Structure formats: structure tokens, C-alpha cells
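# Structural characterization, general
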Amino acid sequence: MENEVIEFDIGLGGGGDDSVAIIDDEEMTDDSPTAAMVGTSSGSLFFDTSTYVPQRDLDLEPFEGMEFESEEAAKGFYNSYARRVGFSTRVSSSRRSRKDGAIIQRSFVCAKEGFRNLNEKRTKDREIKRPRTVTRVGCKASMSVKIQDSGKWIVSTFVKEHNHELVPPDQVHCLRSHRQISGPAKTLIDTLQAAGMGPRRIMSALIKEYGGISKVGFTEVDCRNYMRNNRQRSLEGDIQLLLDYLKQMQAENPSFFYAVQGGEEQSTGNLFWADTKARSNYTHFGDTVTFDTTYRSNRYRLPFAPFTGINHHGQPVLFGCAFLINESESSFVWLFKTWVSAMSSRLPISITTDHDTVIRSAIMQVFPDTRHRFCKWHIFKKCQEKLSHVFLKYPNFEADFHKSVNLTDSVDEFEACWLSLVDKYDLSDHDWLQAIYTSRKQWVPVYLRDTFFAEMSITQRSDSMNSYFDGYINASTTLNQFIKLYEKALESRNEKEVKADYDTMNSLPLLRTPSPMEKHASELYTRKIFMRFQEELIGTLTLMASKVEDNGEVTTYQVSKYGEDNKSYSVNFNVLEMRATCSCCMFEFSGLLCRHVLAVFRVTNVLTLPSCYILKRWTINAKSSVILEERGNDAFSGYLESHTVRYNTLRHEAFKFVEEGAESVDTYNVAMVALEEAARKVAMSAKNEGTGFMVNGRSREDSRSNGTLTKMDIGNHCGHLDQNLSEDEMDRKIEELKQEVDSGRRKCEVYRSNLVSVLRDIEDHKQQLSLKVQIIKYSMKDCL
């Protein structure tokens, strides 16, 4: 068995004539490292407790006069005796010689000896964050030894009786003084940890290897602490390796950004870096960000935290990475400020993190105007841990919890469902459940749907956390391995984006309806986003939109499935501005129109997507550097949109006219006369379209009838004309100028359209070349 060092708290007391100090050692909590330490007035003294192997009868009890070769042998014997009987031991006091300070007496006692002194000096004026359980009950069992002139140690006193129940043999391994990780066990733990196994699975393997938990000799807490210390030592030794890598990357590319908290001379171990692609990604998709801290969830894991987002294919993209040894609030504040600086000081609309009070406090300081959301998936996972007894006792609890969070459509409905859930399962006094309810506005969907998070559905499981490096980094990853795996992850993600670009550009999606809107969307969106939009468009076929209110500007529709009027959505549609809002808030949350708004568009003959509902971040040209709006680029799209607006506006006003005109016979007759007159004027206008020439906002015919077409008017518009021209000659000149203007306008339109077409062709060609380069690059790597 290898040497072990056990740690105890120390307390100083008075001694007798022959002493300088008496040391009273407090038993530690069960989550402390396994160790034994003896203190002196001048400091701490460590000694080996595992070198003694009893040579006497195993059933032998201590007795006064028993001799030992050394103090360690005496302690080892008493500890072996205590294991056999069923109690834990500790060193109670020591007595030193006044002559040379050597220890001349030791007292070994039952761990339950004495009573906890809550007013002892070492705890005075110091807040105790984790108060230890009181285990001392005044037990008198003990064994004292003192040194003889011969150099041997003799038992001077022995008290056998205990005032408490002893531990049965199958639980002795849980006692502190008997919990030791042997050399072979350490070797096995190291091997399994390197293979990526966690403490629970390692303990299962050890139990199977040794034939039972009692034969392992230590608990899962000891295994976890040993693994944690291994990882901490490894990280502290390898931190310079990562720093050297970052320096090399910046030397190769000056746009590569990295920072060390406190500077490289006074580093706390916290690092941040972002390569050129990460910074470029943020310019296109930095509206919503996820700060992923799941890799540090257990102390033995890698303290790695990436910033990620969602690209135009719905894939995760990287915005930067952090390596955090120090996880204080000030460290997170430094990290967030550094990240914002690297991203050109542009703040995101929303940010998602794990449920952590320290991170929340730092975000409030650095991102006061950014909507902060806790990862719902993490809260659900934590719920399974915190309420495991409820899950086991009530099989329907999980479904009810899911329903109250994900399937409620309003705040009132959620509050009612939550109250019902708490009452049904008698959880009103559960502290953790009450804590997450208090912070409900940061994770329950009904409170967040008015903010953009780039998710395709409000009710989907939010599992974006831990996704970018998923499959590359685990509990066994060392820093040396991390750098290689980090680069592999970047390469793999980049390859997936290239493949998605290729699929979008080189194949046409299958259209499932004759709708012009579907065709329009297929030409705008990337493949995955179009398929999601297509789902919503097809979903309108089962919906019915009924007008319930019209105030002249905004029309309200009730949208529901056929036969399900009890569950409906409210859509407000402003036909003049071509803007619609739905009570489900899907567009605000995901950037895609919901089926409820699309159903209203269908019944109001809106044939194409209004430009205000086309987010560039979801389109094929999301990363294009050509800053040209779709509406301005495509004359045909502009025509469709303006025609749609005109059509819907006239239709809206006509319906109001018909409803009022049909009220009585008199209003009907007046309406018919007005319609006939309006029809005549519209027909005349259509016949004469394009023949009028506007002067000062009036047509030539109107100006003539009003006597306002003067030589001054002509002079204002045709300064080079002779003032003495006759009226007929003026008309001829005006007509010639009008034709020249129309010709020039048509040429400008052709030139503009051609220019836009050329710019688009250049951009498409650029993307195709980039794609081919990437394909050739990966092909060459495969060959090598």
C-alpha cells in the first residue's frame, strides 16, 4: 500500500509540566480529500500512517503495557483495531519534550470523542460557508502511548467502551480513517479517467474488480476528489502550452485575437481567443449568442467555454472560446468585456447561458440591454436530479411538468398550470423548484417569445448548448489533446457549412403547392430554412382564418384548425403597411412567419412574402458583401409587392363600401351610381395611361383647363426653349422632351437591372469558387 497523507483541522491547547503543546484534531467532512495531518505550535507536521502492518493476532485488543517499535506502528495498530470493531479514529493530542521539542506522548481517540466547540478561536470573525455536521458525542474510547528510554512506545492508557453504536462491517469502508486509495486502485482510476469515464462508472468498475464496495476501501467522493486533483495538476502544468499555441496563431494571422486576464506576466489562468472566421461569423449571425459552460460542469472536466451562434443553415457557428481556471464573477466580467471588444463592440440581441447566478450577475453588468435566457434543457436535466424522488413516485410528473412549461400559450395559462402542478404533487415547499419559478421569465417560453433567439420553434427542446464541440471534448481531454481536437472540430463544422452551401446552390427544392409565395421563398431561403418555412405554409391548409374586427386600419383575424375553435390564435393585419402580428410570436422568436399569419395572407390574396419578413440572416445571401435590398434589386419583385399593396388596399376599401351600400335601398342606389361613375373614370384612366405629362404636380390637361400652363412653366422645365415659340411648337417640343425622359428612364432601369445582375453573378461565382476550393482542399487531405 502506498503512503497516504490524511488531513485534519488542528486546535491548540495547554499542556502539562513536560509539554509545550496539546493538539486537538477535528474530523473532516466526507467530501474532503483523504489525508491525516498532525499540527504543532509552529505549523503542520505530516507523517506516514500506512507503513505499519500488524504482526500480532488480528483479534488482539490494545492493553496497557503493549509495546510498539514506533509511534506510527501504534497508530496503525489502533486504526486496524478500530476498523475491525467498527469506528473511526483520529489523533487527539500530542505532548512534546521541553528539552528538544520531540514528541513524547500521543493520544488516539474515537472520532466521536469530545464535543464541537462552536466558539473556538479559529472560526471567530470568519463566515463558515458550509457548516459541518456535528458528529462528536463525547465518546471516551481512546488509546494513549508514550515513549520509553529504550526508544519504544508503550500503551499508557486504554479505554474500550463507546457511548454510541458501532458501524457494521459492511459500512466500515465509509469511515474516514479507513478510506484509503491504494496504489493499484490509483493506477486503475488513472487508466479509466484517461479513457473518458466519470467517477460513477469508475467506481462501478472498481466494485466489480474488488468484489464489493466494502473491499474497495474508499467511496465515490474520494474517487471524485482524486480525479479532480489529477485534472487540476494537469491543467496547471499545461496552461503554458495553450498560451504558446495562441501566440503562434496570432503570429501567423494578425487578425487572430487572444487575451489573458491580468496580462501574461500576472495571468490568472483565464484565456480568451477568437480567430478571423469566428469574428466574421459574428458580423453575419451575432444577433443571438450562446455561452456554453457545460464543459466545466464537474470539477474534473475541462474548464472550457465557447461562444456560439446559429448560421443561415441552422448550424452552430463559433464566435470565440474561453479557458477558465478562475471562475469568479470578476473573471466572467473580464471575459464578457474582452469578447465584446473582439467583436467590434457590437452587442447581441439575446444571450443563452446555463442557470448560474455568478454568470447572470456578470451579464447584467456587461450586457444590460441584452435579453438573457437560461438554457431550458439544462433546467429540465437539473429537474430530474433535484426531483428524482418525484419522478420515481409519480410517472406522470414529467409529462405534466413538460406541459406546463412548453405547451402553454399565455402567461396566465402557464401560471395556472404551474400552480396546479405544485399543488398536485405537493411541491410548494421545494426550495429548488421555487428558485426556478422565481426566475421563470428567463427560461419559460411564454415570457421569451417576443425576443429573437434564432430557434425554429418556441416549444422545441433547447439543446443548442454543448453542441459545437460535442463529440470532440470530454472528461478525459487533456490540454495537449484539446488543441488538436479543437482544430478538428473547426474543420468538421466548416465542412458541414460548405456542404450545406453546395446543396442550396446546386439543387432545387421540391415545391409542394402551386403557391407563388412558396416559389418566392424557395429562391430566397437556404435549403433547411426553406423546408421549415414550407412546413408552416403547408400547415395553413388545415387552418381557417375568420375576421373578427376591423377598425379601418388593422383587421383582426381568429385563426384555428377546423373544428378546434377552442384553441385559436389572434392575427392583426395592417393591409396598408403589409404588416401582421400573431399571438404566437413565432416571427419575433425565430425570424420565420408562422402558419397563422400565412393563413391570413392566403385569404387576403397576399401572393409573395413582404420584404419586412425576409431576414437576410436566413437567406442564401446571408454572408454576401453586396448591400442591396431584394426589393430594390428586383424590379419584378417590386412590381409584385406594389401591385399586391394596391390590390389589397382597394379590396379593403371596396368591402367597406359594399357593406355600407347594402344597408338600404337608398344607399344601394347611390352606391351603384357611384360605382358606375368610378368604373367610367378608371376605364378612361387605363386607356390614357402614360400619355399625361405632369407639371408642378398637375397633368397638362388639368393645367390647360385651369389656365396654368404658361411660358414660365415651360421655361422652368425647358430653359433652352425660345420664349417666342407658338403654342403648337411648344406642345411638340414638350412631347419630344417627354419621350426623351421616358427613354432615359427606361435606359437607366435597364442599366440598373444589368448592374444588379452582374453583381449577383459575381457574388454567385465567388461563392461557387470558394466552394470548389474547399472541396479540392478536403479531397487533397483525404488523398494524403
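Residues numbered from 1 in each chain as written. Predicted model: local features only at pLDDT ≥ 70, side-chain atom pairs only at ≥ 80, totals over all residues. Heavy atoms only, no water.

The number of helices and strands found in the chain is 24 helices and 22 strands. Counting across all 784 residues of the chain, residues that qualify as buried make up 43%. When contacts within the chain are restricted to residue pairs at least 6 apart in sequence, those whose partners lie at least 24 apart make up 62%. Of the roughly 42,400 Å² of accessible surface on the chain, 52% is carried by carbon and sulfur atoms. (Helix = DSSP H or I, 4+ residues; strand = E, 2+ residues; numbered from the N terminus. Buried < 20%, exposed > 50% of the residue type's maximum accessible area, 1.4 Å probe, protein only. Contact = heavy atoms within 4.5 Å. Areas by Shrake-Rupley, 256 points an atom, 1.4 Å probe, with all protein chains shown as cover.)

Turning our attention to the sheet that holds strand β20 (residues 579–582). Within the open sheet, the four strands sit side by side as β17-β18-β19-β20. Their pairing is antiparallel. Since the sheet does not close on itself, it has two edges, and those belong to β17 (543–550) and β20, each with one partner. Adjacent strand axes in the sheet meet at a mean angle of 25 degrees, parallel and antiparallel pairs treated alike. Sheet analysis places strand β18 (residues 554–561) next to strand β19 (residues 568–574), joined by seven bridges and oriented antiparallel. Bridging from a neighbouring strand, Thr 556 pairs with Asn 572 of β19. Running over the sheet, helix α18 (residues 595–603) touches β17, β18, β19 and β20 and is turned about 75 degrees from β17. (Pairing = 2+ DSSP bridges. Axes fitted to C-alpha atoms, helices over the stretch in contact; angles between N-to-C directions.)

Turning next to helix α7 (residues 329–342). Across its 14 residues, α7 extends 20 Å between first and last C-alpha, which sits within 8% of the 20 Å expected from 1.5 Å per residue. Most of α7 is tucked away: ten of the 14 residues are buried. The complete set of buried residues in α7 reads Ser 331, Phe 332, Val 333, Trp 334, Leu 335, Phe 336, Thr 338, Trp 339, Val 340 and Ala 342. Once α7 ends, the next one or two residues include Ser 344, with phi positive near 60 degrees. (Expected span 1.5 Å × (residues − 1).)

On to the pairing of β17, then. With seven bridges connecting them, β17 and β18 associate as antiparallel partners. Across the sheet, the residue bridging to Ser 546 is Gln 558, located in β18. Between the antiparallel neighbours β17 and β18 lie three residues, among them Gly 552 with a positive phi of about 100 degrees.

Now for the sheet that holds strand β6 (residues 89–96). Spatially, β5-β9-β8-β7-β6 is the arrangement adopted by the five strands of the open sheet, whose pairing is antiparallel. At either end of the open sheet lies a strand with only one pairing partner, and these are β5 (67–68) and β6. Against the sheet, helix α1 (residues 71–85) makes contact with β5, β6, β7 (103–110), β8 (142–147) and β9 (153–159), and its axis sits at roughly 10 degrees relative to β7, the strand it touches most.

A surface patch of negative charge is lined by Glu 549, Asp 550, Glu 659, Glu 660 and Glu 663. Mapped by element, the contributors of at least two residues to the negative patch are β17 and α20 (635–661). Topologically, Glu 663 is positioned in the loop between α20 and α21 (665–687). (Patch = residues over 30% accessible without salt bridge, like charges linked within 9 Å, V, L, I, M, F, W, Y side chains within 5 Å. Salt bridge = Lys/Arg side-chain N within 4 Å of Asp/Glu carboxyl O. Lys, Arg positive; Asp, Glu negative; His and termini not counted. Charge placed at Lys NZ, Arg CZ, Asp CG, Glu CD.)

Across residues other than glycine, the phi torsion is negative in most instances, and most of the peptide bonds are trans. Positioned with a positive phi, Ser 344 is a non-glycine residue whose angle comes to about 60 degrees. Under the relative-accessibility criterion, Ser 344 is labelled exposed at 62%. Non-glycine residue Asn 605 carries a positive phi angle of around 60 degrees. For Asn 605, the position within the fold is in the loop between α18 and α19 (630–633).

The final tally for this structure, using the stated rule, is 19 salt bridges. The salt bridge involving Glu 535 is made with Arg 532; its shortest N-O contact spans 3.4 Å. On the criterion of helical spacing, the pair formed by Glu 535 and Arg 532 is a turn pair, its members being three residues apart in helix α16 (residues 527–539). A salt bridge links Glu 677 to Lys 681, with the nearest nitrogen and oxygen atoms 4.0 Å apart. With Glu 677 and Lys 681 both in helix α21 and four residues apart, this pair spans about one turn of that helix. Several salt bridges converge on common partners, so that one network encompasses Arg 532, Glu 535, Glu 536 and Arg 595.

For Asn 406, the location among the structural elements is in helix α11 (residues 397–406). Owing to a relative accessible area of 6%, Asn 406 belongs among the buried residues under this scheme. At 2.7 Å, the side chain of Asn 406 and the side chain of Lys 376 are in polar contact. (Polar contact = N/O pair within 3.5 Å; in protein donor to acceptor, adjacent residues only side chain to side chain.)

Within the largest apolar cluster, 39 residues are counted, with the highest numbers of intra-cluster contacts made by Tyr 525, Phe 573, Phe 601 and Trp 618. Contributions of two or more residues to this core are made by α15 (516–524), α16, β17, β18, β19, β20, α17 (586–590) and α18. The element that contributes the greatest number of residues to this core is α18, accounting for five residues. (Core = buried A, V, L, I, M, F, W, Y, C linked by side-chain atoms within 4.5 Å.)

There is a patch of nonpolar side chains on the surface, built from Phe 657, Val 658, Tyr 668, Met 672 and Leu 675 and spanning about 450 Å² of accessible area. Among the elements of the structure, α20 and α21 are those that each provide at least two residues to the nonpolar patch. With three residues, α21 is the single largest residue contributor to the nonpolar patch. If you trace the backbone, Val 658 turns up in helix α20.

Another aspect to go through is the packing of α15 against α16. The geometry of α15 relative to α16 is characterised by a closest axis approach of 10 Å and an angle of 165 degrees between their N-to-C directions. In this view, α15 runs roughly antiparallel relative to α16, as classed from their interaxial angle. The crossing of α15 and α16 is right-handed. Along its contact with α15, which presents Met 517, Glu 518, Ala 521 and Ser 522, the element α16 presents Phe 530, Phe 533, Gln 534 and Leu 537. For the contact of α15 with α16, the per-class residue count stands at five nonpolar, two polar and one charged. (Parallel < 35°, antiparallel > 145°, perpendicular 65-115°, else oblique. Left-handed = near helix turned anticlockwise from the far one by under 90°. Nonpolar A, V, L, I, M, F, W, Y, C, P; charged D, E, K, R; others polar.)

A separate point is empty space enclosed by the protein. By the definition in use, this model includes six cavities of 30 Å³ or more. The volume enclosed by the second largest cavity comes to roughly 50 Å³. Forming the boundary of the second largest cavity are Ala 580, Thr 581, Cys 582, Cys 585, Met 586, Phe 587, Glu 588, Leu 593, Cys 594, Val 597 and Tyr 613. Within the residue set of the lining of the second largest cavity, elements represented by two or more residues are β20 and α17. Each residue belonging to the lining of the second largest cavity can be placed in one class, and the counts come to nine nonpolar, one polar and one charged. (1 Å grid on protein atoms, 1.4 Å probe; cavity = no way out; pocket = protein on both sides within 12 Å on 5 of 7 lines; lining within 4 Å. Points joined across faces, edges and corners; volume = space filled by probe spheres on them.)

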